[in-house]
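Fold and contact review
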Amino acid sequence: MELRKSYFADERKEGLHEIGQGRARVDAPGHVTGKTAYFADRNFPGMLYLKMVRSPHHHARIRSIDTSAAEKHPGVVRVLTAKDIPNNLYTILILIQVGPEDEHVLAEGKVRWKGEAVVAVVAETERAAQEAADKVKVDYEVLPAVLDIEAALKPDAPVVNEHHGQNYYMYDSGACRKVRFGDVEKGFAEADHVLEQTYWSSPIEQAPMETTGCIAVPESNDRFTCYTDTQAMFFTLDNTSIILQMPGSQLHMVGGTVGGGFGGKVDVIVEPIAILAAKLTGKPVSFIYSRQEEMQISSPRAAEKIVIKDGVMQDGRIVARQVWGYTDAGAYSRHSPYGAQKGAAHYPGPYTIPNVWADTYCVYTNRTPSSAMRGFGVTIADFALEVQMDKLARLIGMDPLEFRFINAYRDGDMKAHRQPTEGAALIECMQEAARASDWPVDEKYFALSSVRREA
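It should be emphasised that the depicted structure is a prediction, and the values quoted were computed from it without experimental measurement. (Residues numbered from 1 in each chain as written. Predicted model: local features only at pLDDT ≥ 70, side-chain atom pairs only at ≥ 80, totals over all residues. Heavy atoms only, no water.)

**Describing the overall build of the chain**
Put simply, the test is: Helix and strand assignments follow DSSP, with helices taken as H or I runs no shorter than four residues and strands as E runs no shorter than two, numbered in order from the N terminus. Three labels apply to residues, based on accessible area from a 1.4 Å probe with only protein chains included: buried if under 20% of the type maximum, exposed if over 50%, partly exposed otherwise in between. Any two residues having at least one pair of non-hydrogen atoms within 4.5 Å are treated as being in contact. Surface accessibility in these figures is a Shrake-Rupley result with a 1.4 Å probe; residues are shielded only by whichever protein chains are displayed.
Within the chain one finds twelve helices and 15 strands. The principal-axis extent of the C-alpha atoms belonging to the chain is close to 80 × 60 × 35 Å. For the chain, buried positions account for 53% of its 455 residues. The contacts of the chain with a sequence gap of at least 6 include a subset with a gap of at least 24, amounting to 78%. Carbon and sulfur atoms make up 53% of the accessible area of the chain, which amounts to about 20,900 Å² in all.

Here you go:
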């Protein structure tokens, strides 16, 4: 690691002891010696195991549920359905006023994606729980399903989630989150070239080595301790409190080392039902996804469709950008409305463009609900934007890095969502990248700075 002190010398304090220094991770010895403890390393006397009955259909009405055979199976202690959940309707982000509540802990009336939890079986062993779950009989009326963004937005498409009433999230700005800056039509009219391209991505599974799970343990005074691998401890605590209609003072969430998460363990999915099972049985309850469940059930990065239309001058200046972004939320909101909103602000990229129009939609389909993964809402957007930048540079016959130097935002530039740029350092990063890779950039670009804009 090298610290280049020639950059921003008048803005940086000297005497730094950490920046620019290599430091060993404090948790590395535990990982390499096998001493690191994870939630599943715990064991409790009399611990029970929870397995789910999941929908085999993408979209279906539940006509009836027969749990009688499962209840008689050797080793079964309790079988839970929707009627057992005190508040069986929630949305993770309701804590920050992002609603409406649109997801069930256990399916009620309908299933909206293949793999949705319908019945929870609690037994003395994992094998008994799974065998009993296989004996639950659910009578389904299969319904038409929509499995991609374009199908979901057709006028005659089946409604995926009745809690919304249409197949897209309704923001306070309407059917999409909007960004309006300058006059894009005027910008396109003045541009020497206009390029419109469409980009697609597929869902991406985080695939952590440790699967999602928790162990819920009854304590004295009607309190419950939940050992969990959540990445969102307070979301988990507060949502569990709402779902179980229990004061937060009765819930003790214990985190620790997460065996891989990447955003995929922010959803409050396993803890409420495990704690409820512990409450109803009076025993510790373990609920851990199998590898098959982790790959099918856990929330992936959303599939996205991004349409970018740019107006560019022959000298390299982008004068207009219009973007339509579509996020496939799957059947329920989870964190997707927030991810789509982040995209709206991000679509200009790290570039100063005088005229910007962005509309981003959060779309519901009968697919596995998507959620957080490593910069969700902007990661795929960045891929699309930078491919678009390469295409624009090629269109006008300009070096792609020099093209980015021309358009890079500088400190003080106003972003399209009307926040001034601060601490950009983008010019300097590109200069160092050019030097490190021996990229042949005209010398005039090495005289540029992020703290000033040349005429």
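After that view of the structure, there is still more to cover.
**Thoughts on empty space enclosed by the protein**
Left-over empty space is what a probe sized like a water molecule reveals as it rolls over the atoms. Heads up, the condition is: Here the term cavity refers to a set of points on a 1 Å grid, laid over the protein atoms alone, in which a 1.4 Å probe fits but cannot get out; the term pocket refers to an open set having protein on both sides within 12 Å along at least five of seven lines, with lining residues being those that place an atom within 4 Å of a point. Grid points are joined across faces, edges and corners, and a volume is the space filled by probe spheres set on the points. Classes in brief: Ala, Val, Leu, Ile, Met, Phe, Trp, Tyr, Cys and Pro nonpolar; Asp, Glu, Lys and Arg charged; the others, Gly included, polar.
Enumeration over the complete set of coordinates arrives at five cavities of 30 Å³ or more. Looking at the largest cavity, it is lined by 20 residues, and the ones nearest its centre are His 104, Val 105, Ala 117, Ile 269 and Arg 334. The residue inventory of the lining of the largest cavity, partitioned by class, reads 14 nonpolar, two polar and four charged. Of the pockets and cavities examined, the second largest cavity occupies roughly 80 Å³.

**Regarding the layout of surface pockets**
Within this model, the largest pocket holds a volume of roughly 260 Å³. As for the largest pocket, its lining consists of 16 residues, of which Ala 345, Gly 349, Tyr 409, Lys 415 and His 417 are closest to the centre. When grouped by side-chain class, the residues that make up the lining of the largest pocket number nine nonpolar, five polar and two charged. By volume, the second largest pocket is sized at about 210 Å³. Going through the elements one at a time, strand S1 (48–54) and helix H8 (291–297) are the ones with two or more residues in the lining of the second largest pocket.

**A few points about the pairing of strand S9 (residues 213–218)**
Just so we agree on the cut-off: One requirement defines pairing of two strands: DSSP has to find at least two bridges between them.
Most of S9 sits inside the fold, with five of its six residues counted as buried. Bridging between S9 and strand S12 (residues 285–288) involves four bridges; their strand directions are antiparallel. Within the sheet, the bridge partner assigned to Cys 214 lies in S12 and is Phe 287. Pairing of S9 with strand S10 (residues 224–228) involves five bridges; the strand directions are antiparallel. Across the sheet, Cys 214 pairs through a bridge with Thr 228, a residue of S10. Hairpin connection from S9 to S10: five residues lie between these consecutive antiparallel strands, with Asn 221 at a positive phi of about 60 degrees.

**Structural notes on the sheet that holds strand S4 (residues 110–111)**
Strand order across the open sheet formed by three strands is S4-S2-S6, with antiparallel pairing between neighbours. Looking at which strands have only one partner, the edges of the open sheet turn out to be S4 and strand S6 (137–142). Note that strand S2 (residues 60–66) and S4 share two bridges and pair antiparallel. Residue pairing across strands places Ala 60 opposite Val 111, the latter belonging to S4.

**Things to note about helix H12 (residues 426–437)**
Heads up, the condition is: By this rule the span expected of a helix is its residue count minus one, scaled by 1.5 Å.
With twelve residues, H12 extends 16 Å from end C-alpha to end C-alpha; this agrees with the ideal 16 Å at 1.5 Å per step. Along H12, the positions that sit buried rather than exposed are Leu 426, Ile 427, Glu 428, Met 430, Gln 431, Glu 432 and Ala 434. Among the structural elements, helix H11 (400–407) are those in contact with the buried residues of H12.

**Observations concerning the sheet that holds strand S8 (residues 193–201)**
Keep this limit in mind: Orientation is described by axes fitted as lines to C-alpha atoms, over the contacting stretch for helices, and by angles from 0 to 180 degrees between their N-to-C directions.
Here five strands make up an open sheet; going across it, the order is S7-S15-S14-S13-S8 and the pairing mixed. A strand with exactly one partner marks an edge of an open sheet, and here the two such strands are strand S7 (177–181) and S8. Each adjacent strand pair in this sheet contributes to an overall mean axis angle of 5 degrees, direction not counted. One ladder, built from five bridges, connects S7 with strand S15 (residues 356–364); its direction is antiparallel. Pairing of Arg 177 across the sheet is with Thr 360, part of S15. The sheet contacts of helix H10 (residues 379–396) involve S8, strand S13 (304–312) and strand S14 (318–330), and relative to S8 the element is tilted by about 145 degrees.

**Things to note about the side chain of Asp 84**
Defined as follows: Pairs of N or O atoms are called polar contacts if they sit within 3.5 Å, as long as, within protein, a hydrogen donor faces a hydrogen acceptor (for residues adjacent in sequence, only side-chain-to-side-chain pairs).
Summarising the element assignment, Asp 84 is placed in the loop between strand S3 (76–80) and S4. Here Thr 81 takes part through its backbone nitrogen, which lies 2.9 Å from a polar atom of the side chain of Asp 84. Ignoring anything within four residues of it in the chain, the contact list for Asp 84 reads Arg 78, Val 79 and Leu 276.

**What about the pairing of S12?**
With two bridges joining them, S1 and S12 adopt parallel strand pairing. For Tyr 49, the partnering residue across the bridge sits in S12 and is Ser 286.

**Let's talk about the nonpolar core**
How we decide: Joining through side-chain atoms within 4.5 Å is the link that ties buried Ala, Val, Leu, Ile, Met, Phe, Trp, Tyr and Cys residues into a set, and such a set is a nonpolar core.
Counting residues in each nonpolar core, the largest one holds 54 residues, and the members touching the most others are Leu 50, Met 52, Leu 106, Ile 273, Ile 275 and Phe 287. Among the elements that line this core, the one with the most residues is helix H7 (residues 271–281), at six residues. Leu 195, Leu 385, Met 398 and Phe 403 belong to the second-largest nonpolar core, a separate cluster that totals 26 residues.

**Some points on helix H9 (residues 336–346)**
This is how it is decided: This arc corresponds to the set of directions leading from the helix axis out to the C-beta atoms.
Those residues of H9 that fall on the buried side of the exposure criterion are Ser 336, Pro 337, Gly 339, Ala 340, Gly 343 and Ala 344. Here the buried residues of H9 occupy an arc of 160 degrees about the axis, which is enough to place them on one side. Buried-residue contacts for H9 involve S7, S14 and S15.

**A look at the packing of helix H6 (residues 233–244) against H7**
This is how the line gets drawn: By the definition adopted for this analysis, an angle is roughly parallel if under 35 degrees, roughly antiparallel if over 145, roughly perpendicular if from 65 to 115, and oblique otherwise. Helix crossings get a hand from a simple test, with the near helix turned counterclockwise from the far one by less than a right angle marking a left-handed crossing and a clockwise turn marking a right-handed one.
Where H6 contacts H7, the axes come no closer than 9 Å and their chain directions differ by 55 degrees. Compared by their axis directions, H6 and H7 come out oblique. The two elements H6 and H7 cross, and the hand of that crossing is right-handed. Note on element contacts: H7 touches H6 through Glu 271, Pro 272, Ile 275 and Leu 276, opposite Thr 236, Thr 240, Ile 243 and Leu 244.

**As for the packing of H11 against H12**
Axis separation between H11 and H12 bottoms out at 10 Å; the angle between their running directions is 165 degrees. The angle between the axes of H11 and H12 places the two elements in the roughly antiparallel class. Note that H11 runs across H12; the crossing there is left-handed. Residues Leu 401, Arg 404 and Phe 405 of H11 touch H12, and the partners they reach there are Ile 427, Met 430, Gln 431 and Ala 434. Its residues assigned to classes, the contact of H11 with H12 comprises five nonpolar, one polar and one charged.

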